[in-house]
Amino acid sequence: MPEADRSLMAHLLRRAGFGATFQELDRYCQLGYGAAVEELLHPEQQPAIEEDVLERYYIDWKESRNIEGALTESVYRMNAYAGLRPLQEKIALFWHGVFATGLAKVLHEKTMLNQIDLFRESGLGNFRDLLLQLAKDPAMIFWLDNNFNHKDAPNENWGRELLELFSLGVGMDGHENYTEDDVKNAARAFTGWTIDDDNVASLPFGKLPWRFCYLPEDHDEGEKTFMGHTGNFNGEDIIDIIAQQPATARFISRHLYNFFVADEPQVPAWQHTPPGDPEAIRILEEEYFRSNYNIRSMLKVLFNSDFFKSDQARFAKVKSPAEVVVGTLHLLGDFTFPKRGIFDVALGCRYMGQDLLNPPSVEGWHTGEEWIDSGSLVERVNFVADQVGDIRQPGVREIVDALFDRTSELDPESIIDGCLELMGHVQLHEKNKNHLAGQIRSMLDRRSGSVSGSPGEHRLAEDTVLHCVLHCMKMIGSTREYQFA
Amino acid sequence: MTTATEHPISQQGLYQYHDVIGLLSPAGPGFSGPVAVTTGPDGMLYVASRANPNQPDGVRVSRCTKDGEFLGQFGSWGEGPGEFIWVTSLAFSPQGEAYVADEHSHRISIFDAERNFSRSFGEQGSGPGKLDRPSGLAFGPSGNLHVVDTMNHRVQVLTASGGFIAQWGGLGDHEGQFHMPWGVAIDQTGDVYVTDWRNDRVQRFDSEGRFLMAFGTSGDGEGQFNRPNGIAVDSDGDIYVCDWMNDRVQVFDQAGGFKDLLIGHSGMSKWGRTFLNASPDIERKLELAVQNIEPKRRFYRPVSVHVDDEGMVYVADCYRHRVQIYQKL
């Protein structure tokens with residue numbers, strides 16, 4: 001396959017997944033771009049992980065009893081599916097960021113994990129259906145107080161965030177998308193949508209699952225006017241009206257673009273800040289309506305678009321902490337079978353600023369360059385360096401073996417080129433590559449006395465080369481290009 | 001909150017609910033993910049808790065009377081002497097020592113009659129005497145230890161000090177082969193019963209490891225399994241199998257014929273009552289959650305079953321952190 005095609009495929013897998021190993025890249029390249037997109041868009045057609053084995057060894061995960069257990073469950077699952085159903089995990093991560101719900105308040109780990117499962121199962125489907133399921137999701141109901149939204153005492157929290165952060169957005173093109181009355185009437189329409197048991201305390205025999213229930217006696221049956229429509233609306237009617245709005249198409253399109261294509265300004269700025277690529281957003285909006293609100297169709301258009309495939313889009317998005325952690329674990333081939341230690345690794349996400357299942361607010365995490373500060377950058381670099389520099393990791397061993405198999409004479413340039421390719425076709429800026437070559441050359445000088453003359457003239461001791469290869473991989477992990485997708 | 005003072009009976013009426021011992025607790029009276037239950041030579045009940053890796057204090061073996069008086073605990077989380085990470089099972093030798101399997105450290109730890117750590121054996125490997133994620137433990141009539149060596153898909157027979165005697169099995173689904181076996185029990189004649197976990201069946205062997213019979217297929221009907229694990233045989237020869245992912249315990253006759261089914265009828269334990277007495281607001285909320293009463297009573301991933309000499313059946317109800325007790329009628 002031509003280099004350009006391999007580069008594009010690697011780009012697709014960084015965005016639609018968590019990056020690819022060199023073996024996976026080989027397979028996808030053989031498949032071809034269009035077929036690869038189709039495969040990614042239909043994760044349900046790929047094998048599932050062995051849930052019985054998972055539960056056998058991580059016996060507490062089925063009923064996670066603390067946030068740490070829920071965090072490790074999430075990271076393990078993302079990693080386990082990163083090679084099988086990458087877009088299923090990526091879209092779950094996407095919706096978790098949009099419909100941000102947190103254990104800091106929910107305090108019911110299994111219920112939170114059920115919400116993530118909802119995103120896995122329905123995140124690529126119809127947006128209207130997803131929103132309806134979200135409105136019935138016990139974690140969301142508790143998170144936004146809809147269990148306190150009563151006929152005689154409405155609570156507007158869910159109604160407001162549904163419009164502001166989950167569908168329409170405050171405004172677009174300089175105008176507002178809804179009124180305060182719309183919020184109040186949306187809230188009235190969702191009265192009676194509650195859960196059957198909001199006990200969050202630790203029970204004698206463990207927590208029991210929360211379930212959605214509808215209490216007709218607590219529902220406001222009065223007439224409501226919402227977004228220009230009037231009637232005795234229930235919650236489902238509100239969601240139907242929301243799904244039809246151009247603002248919803250804009251909102252979802254901008255979110256998808258921000259997550260899969262290029263970093264955009266943060267959501268609160270969207271009312272007054274136009275999209276970076278208005279034409280791309282227009283194309284996605286069109287597909288939203290053409291496909292009857294289908295997310296899979298929108299992503300198919302997105303992945304096949306020129307704006308996604310362009311050179312400018314590559315290595316131009318800051319990876320989220322979850323992408324750094326899961327992408328690196330996937331590269332290493334680690335935790336493919338249950339074993340201890342996943343918790344320590346999962347904590348990396350938290351230390352880098354993304355406490356999964358516990359976002360800072362209902363607005364979710366700010367993305368793009370806001371992932372990076374002096375502390376999180378050090379965490380990111382150290383995390384990757386610690387992992388990829390460990391020859392005991394199966395994926396690292398495979399990379400080293402493949403490198404040794406492919407090249408008999410290992411000089412700095414071939415070590416660097418080999419590592420870049422085998423780490424998922426990372427493409428370094430020329431300046432970074434030269435700097436790396438200088439580092440490797442200097443290391444070889446120190447360890448072997450002198451490396452003069454043209455590269456490859458000297459046969460080096462295997463342990464020296466191994467040391468340089470591992471060092472090279474650690475340095476690649478610290479580059480801008482590896483930390484970007 | 002229901003206390004289930006009535007004593008419901010099993011599907012076929014052969015067993016009656018008797019009592020429950022338990023409470024989710026990382027220390028003292030209570031369990032945290034109990035995975036093994038058995039009776040010790042002192043007539044007391046011993047329960048091993050696997051706990052949560054993020055709450056390692058919960059890992060221990062608890063000792064209590066059969067009516068739920070807490071007497072103490074031994075063992076703790078870790079990789080040092082007398083510690084375990086992923087405890088899987090518990091068995092007593094004829095000499096009264098407690099053997100505890102740890103599938104993370106691939107070893108068996110032994111505690112003396114005073115429940116002080118005595119010694120351990122086992123290291124990871126596939127050769128004779130080596131272990132790869134040991135799970136079920138059972139002593140035969142001759143005093144030899146049978147260890148289910150899960151990831152080697154075999155049963156090993158070892159001396160009480162860990163010396164290799166015999167082995168059988170291998171990965172597969174033919175007679176005498178296993179796929180990640182889990183539990184083991186030995187009847188009074190020395191026949192060995194193994195839950196062949198991923199093959200959804202039980203296999204029976206003679207004391208020399210010769211295949212005798214198998215029963216069970218995948219499914220949720222009578223005589224079918226969804227990942228069976230804990231197993232016990234009573235003095236009548238009846239076989240009890242924890243049908244793990246079907247959340248039930250099935251009882252079979254000596255020939256493997258279906259006899260009865262337990263689905264769990266738990267009420268509130270003494271320890272739970274003490275907890276609720278100190279937390280009246282929680283009890284009030286529990287009473288409000290009427291529709292949740294039913295699942296509270298049922299088994300949720302039962303892992304281990306034990307039958308004592310009086311015909312009392314003890315089931316480690318793992319995700320509900322309790323031991324449900326039934327009387328054979």
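Residues numbered from 1 in each chain as written. Chains lettered and ligands numbered in written order. Predicted model: local features only at pLDDT ≥ 70, side-chain atom pairs only at ≥ 80, totals over all residues. Heavy atoms only, no water.

Examining the overall build of chain A
Inference 1: A count of helical and extended segments in chain A gives 25 helices and six strands.
Inference 2: Within chain A, the proportion of its 485 residues that are buried is 61%.
Inference 3: Long-range contacts, defined as pairs at least 24 residues apart, comprise 73% of the intrachain contacts of chain A with a sequence gap of at least 6.
Inference 4: In the structure as shown, chain A presents an accessible area of about 18000 Å², 49% of it carried by carbon and sulfur atoms.
Inference 5: In chain A, 47 positive and 76 negative side-chain charges are present, and the distance between their average locations comes to 3 Å. (Helix = DSSP H or I, 4+ residues; strand = E, 2+ residues; numbered from the N terminus. Buried < 20%, exposed > 50% of the residue type's maximum accessible area, 1.4 Å probe, protein only. Contact = heavy atoms within 4.5 Å. Areas by Shrake-Rupley, 256 points an atom, 1.4 Å probe, with all protein chains shown as cover. Lys, Arg positive; Asp, Glu negative; His and termini not counted. Charge placed at Lys NZ, Arg CZ, Asp CG, Glu CD.)

A word on the packing of helix H21 (residues 394-406) of chain A against helix H22 (residues 412-422) of chain A
All names here are of chain A.
Inference 1: Contact geometry for H21 and H22: axes closest at 10 Å, N-to-C directions at 130 degrees. One way to sum up the angle between H21 and H22 is to call them oblique. Judged by the twist between their axes, the crossing of H21 over H22 is right-handed. Facing Ile 399, Ala 402, Leu 403 and Arg 406 of H21, the residues of H22 in contact are Ser 414, Ile 415, Gly 418, Cys 419, Glu 421 and Leu 422.
Inference 2: Of the residues belonging to the contact of H21 with H22, the class tally is six nonpolar, two polar and two charged. (Axes fitted to C-alpha atoms, helices over the stretch in contact; angles between N-to-C directions. Parallel < 35°, antiparallel > 145°, perpendicular 65-115°, else oblique. Left-handed = near helix turned anticlockwise from the far one by under 90°. Nonpolar A, V, L, I, M, F, W, Y, C, P; charged D, E, K, R; others polar.)

Let's talk about the sheet that holds strand S13 (residues 145-149) of chain B
Residue and element names in this part refer to chain B.
Inference 1: Spatial strand order, S12-S13-S14-S15: four strands in an open sheet with antiparallel pairing. Each edge of the sheet is formed by a strand with only one pairing partner; in this case those strands are strand S12 (134-139) and strand S15 (164-169). Mean inter-strand twist for the sheet, computed between neighbouring axes without regard to direction, equals 20 degrees.
Inference 2: Taken together, the four bridges between S12 and S13 define a ladder with antiparallel strand orientation. (Pairing = 2+ DSSP bridges.)

Side note on the confidence of the model for chain B
Residues and elements named next belong to chain B.
Inference 1: When pLDDT is averaged along chain B, the result is 94, and 96% of the positions lie at 70 or above.
Inference 2: Here residues 1-5 is modelled with pLDDT under 50, and outside its nearest four sequence neighbours on either side it reaches 17 contacts, counting other chains as well.
Inference 3: Model confidence for the complex: the whole-complex pTM is 0.93, and ipTM, which rates the interface, is 0.92. (pLDDT = per-residue confidence, 0-100.)

Structural notes on the packing of aromatic side chains
Residue and element names in this part refer to chain A.
Inference 1: One pass over the structure, following the stated rule, counts 46 aromatic pairs over all chains.
Inference 2: An angle of 35 degrees between the planes, with centres 4.9 Å apart, marks the rings of Phe 142 and Trp 210 as tilted. With a gap of 68 residues between them, Phe 142 in helix H10 (residues 138-143) and Trp 210 in the loop between strand S3 (193-195) and strand S4 (212-214) connect regions that are remote in the sequence. Trp 210 shares its class with Phe 142; the two are buried.
Inference 3: Ring plane angle 45 degrees and centroid distance 6.0 Å describe the contact between Tyr 257 and Phe 307, whose orientation is recorded as tilted. (Phe/Tyr/Trp six-rings, centres within 6.5 Å; stacked < 30°, edge-to-face > 60°.)

Things to note about empty space enclosed by the protein
Residues and elements named next belong to chain A.
Inference 1: Overall, the coordinates contain eight cavities of 30 Å³ or more when judged by the stated rule.
Inference 2: If you add up the space inside the largest cavity, you get close to 400 Å³.
Inference 3: Elements with a contribution of two residues or more to the lining of the largest cavity: helix H6 (86-98) and helix H14 (246-260).
Inference 4: Classifying every residue of the lining of the largest cavity by side-chain character gives 14 nonpolar, ten polar and three charged.
Inference 5: Within this model, the second largest cavity holds a volume of roughly 160 Å³.
Inference 6: At the level of secondary structure, the elements contributing two or more residues to the lining of the second largest cavity comprise helix H1 (3-16), helix H18 (321-332) and helix H25 (480-483).
Inference 7: Counting residues per element, the lining of the second largest cavity draws most heavily on H18, at four residues. (1 Å grid on protein atoms, 1.4 Å probe; cavity = no way out; pocket = protein on both sides within 12 Å on 5 of 7 lines; lining within 4 Å. Points joined across faces, edges and corners; volume = space filled by probe spheres on them.)

Some details on the sheet that holds strand S17 (residues 192-196) of chain B
Residues and elements named next belong to chain B.
Inference 1: Within the open sheet, the four strands sit side by side as S16-S17-S18-S19. Their pairing is antiparallel. The strands lining the two open edges of the sheet, one partner per strand, are strand S16 (184-186) and strand S19 (211-215). For this sheet the average axis-to-axis angle between neighbouring strands, irrespective of direction, equals 20 degrees.
Inference 2: One ladder, built from five bridges, connects S17 with strand S18 (residues 201-205); its direction is antiparallel. If you follow Thr 195 over to S18, its bridge partner there is Val 202.

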